[in-house]
Amino acid sequence: MKIKNTLFLIAAYSIPCLVATNLFISKNNKQDINEVNLYLTLNRIGYYPTSQNPYQKAIKLELHPTNYFSLPLKSKEKKLIANTVFSLNKNGYRTNPYINNQEGNKKCILFAGSSAAFGIGSTSNKTTITSYTNNKLGSEYNVYNISMPSWNSRQELISIINYHNTNDISNCKTVDTISFTGTTDLLGIESSINNEYYQDIDSRNALFSAPEYFSSLLKNVKDGRLARTDIKYNLKIIFHHIWRLLFGELFDLMTLTMQGHDNKNREEFLKSNKYENFSKDQINSFIINQKLINNLAINQGGNHLVVLQPNLNNSFSNKKSWKYVNNILTESLSKTSCLNILDLRSNLNKLQPKSTKRVSIPLSLKSSIAMGEFDIKDLKNYYYFDNSHLTDYGSFHVSSLIKDSYLNKIKKTICTFSN
């Protein structure tokens, strides 16, 4: 009896202590504090006109009838998401202020890609790669930004097809395409191998070019079906939310201490033939998507340019899986002669300021501020906002390279699909 009473007292005192500790960790979450400090600093130095993340709502994607995910399509919602940094046009894509649809017979370019092409990291609609490119090419061009955060090359292809159904195309005498691409397709490899379909060899091929958030969509659909019909499931969800509220931060802290073992297992998997074969097949799917875009553009009388987007992760030797899939991409593209390719994957990396406190590695603007190494006099030296997105200066530099390649090196070659 005494033992039971002792256990009861331990539980009675321990549970409130654990809950209080969890709330304390939640309120003092370092990541949240760093995020707040980052945008306060960016506002203080005059980079953003707001002290909050202006792209916060651009990360929360909604369902799209053909592209799986997109930013809001309804007029009212598009107005709500707009702020002083970015806004959406009538078709749900980011506004390019240099577009002029009042005058017909324009040379048009459909600029496709994911978040970097969309312009996350840019300070206004005027400072995206698309807008800079349009401004440099001149008023005879309309460059439409049809990019969307998280989109991969398959969604680029779909969005280009969709855009040919809009009224904007009627103002074009020619329609070219530029894909600012690569990163999301490569990231999609790891998200796909964690999907339940990957475990079944017959359904694995269906994951080629799957959206980065397909696993989330699949889970939400299953949860929605169960929530409508299963009382036990609803009680489980309620319990889970209560448990996360009371002990979630503590659980996450414990999970971090166990990551060493998980990382070892992950490294073993990365060396396996399964990962190698799936990576090659996924990258082959990326190339097929770009070939289809190329052929579509040529059949419409236009051209296609594939721009492999800059990424600061290409400078880090410890990013083994990232380096591995990039090497496969390089090898695969070397065997593809029909595409116009501008490879910028490491173009900006040597120009980026380097860390002085630790190993001399290039730092993005975001990392530099977080590590306390930022000096306002060096602001114009930062080309990367974070490892995957560009600052205004980075976008300006890249737009010059794209403009030169687009005007001088474009060839028209129909791609074949034989191995």
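Residues numbered from 1 in each chain as written. Predicted model: local features only at pLDDT ≥ 70, side-chain atom pairs only at ≥ 80, totals over all residues. Heavy atoms only, no water.

### Examining unusual backbone geometry
For step 1, the next point in the chain: Here the phi dihedral of tyrosine 68 falls at roughly 75 degrees; this positive angle occurs in a residue that is not glycine.
For step 2, the next point in the chain: Inspection of the secondary structure assignment puts tyrosine 68 in strand 2 (residues 68-70).
For step 3, the next point in the chain: Under the relative-accessibility criterion, tyrosine 68 is labelled partly exposed at 37%.
For step 4, the next point in the chain: The phi torsion at serine 209 lies on the positive side, around 65 degrees, for a residue other than glycine.
For step 5, the next point in the chain: Along the chain, the position of serine 209 falls in the loop between helix 7 (183-193) and helix 8 (214-229).
For step 6, the next point in the chain: Since its relative accessible area comes to 4%, serine 209 is described here as buried. (Helix = DSSP H or I, 4+ residues; strand = E, 2+ residues; numbered from the N terminus. Buried < 20%, exposed > 50% of the residue type's maximum accessible area, 1.4 Å probe, protein only.)

### Topic: the environment of aspartate 378
For step 1, the next point in the chain: Mapped onto the fold, aspartate 378 is located in the loop between helix 13 (365-370) and helix 14 (392-408).
For step 2, the next point in the chain: A C-alpha to C-alpha distance of 9.7 Å links aspartate 378 and leucine 365, two positions 13 residues apart in sequence.
For step 3, the next point in the chain: In this structure the side chain of aspartate 378 is engaged in a polar contact, spanning 3.4 Å, whose partner is the side chain of lysine 377. (Polar contact = N/O pair within 3.5 Å; in protein donor to acceptor, adjacent residues only side chain to side chain.)

### Focus on the pairing of strand 5 (residues 172-181)
For step 1, the next point in the chain: By the criterion of burial, strand 5 is predominantly enclosed, with eight of the 10 residues buried.
For step 2, the next point in the chain: Looking at chain direction, strand 3 (residues 106-113) and strand 5 are connected through eight bridges and run parallel. Pairing of leucine 110 across the sheet is with threonine 177, part of strand 5.
For step 3, the next point in the chain: With five bridges connecting them, strand 5 and strand 6 (residues 304-308) associate as parallel partners. What sits directly across from threonine 177, in strand 6, is histidine 304. (Pairing = 2+ DSSP bridges.)

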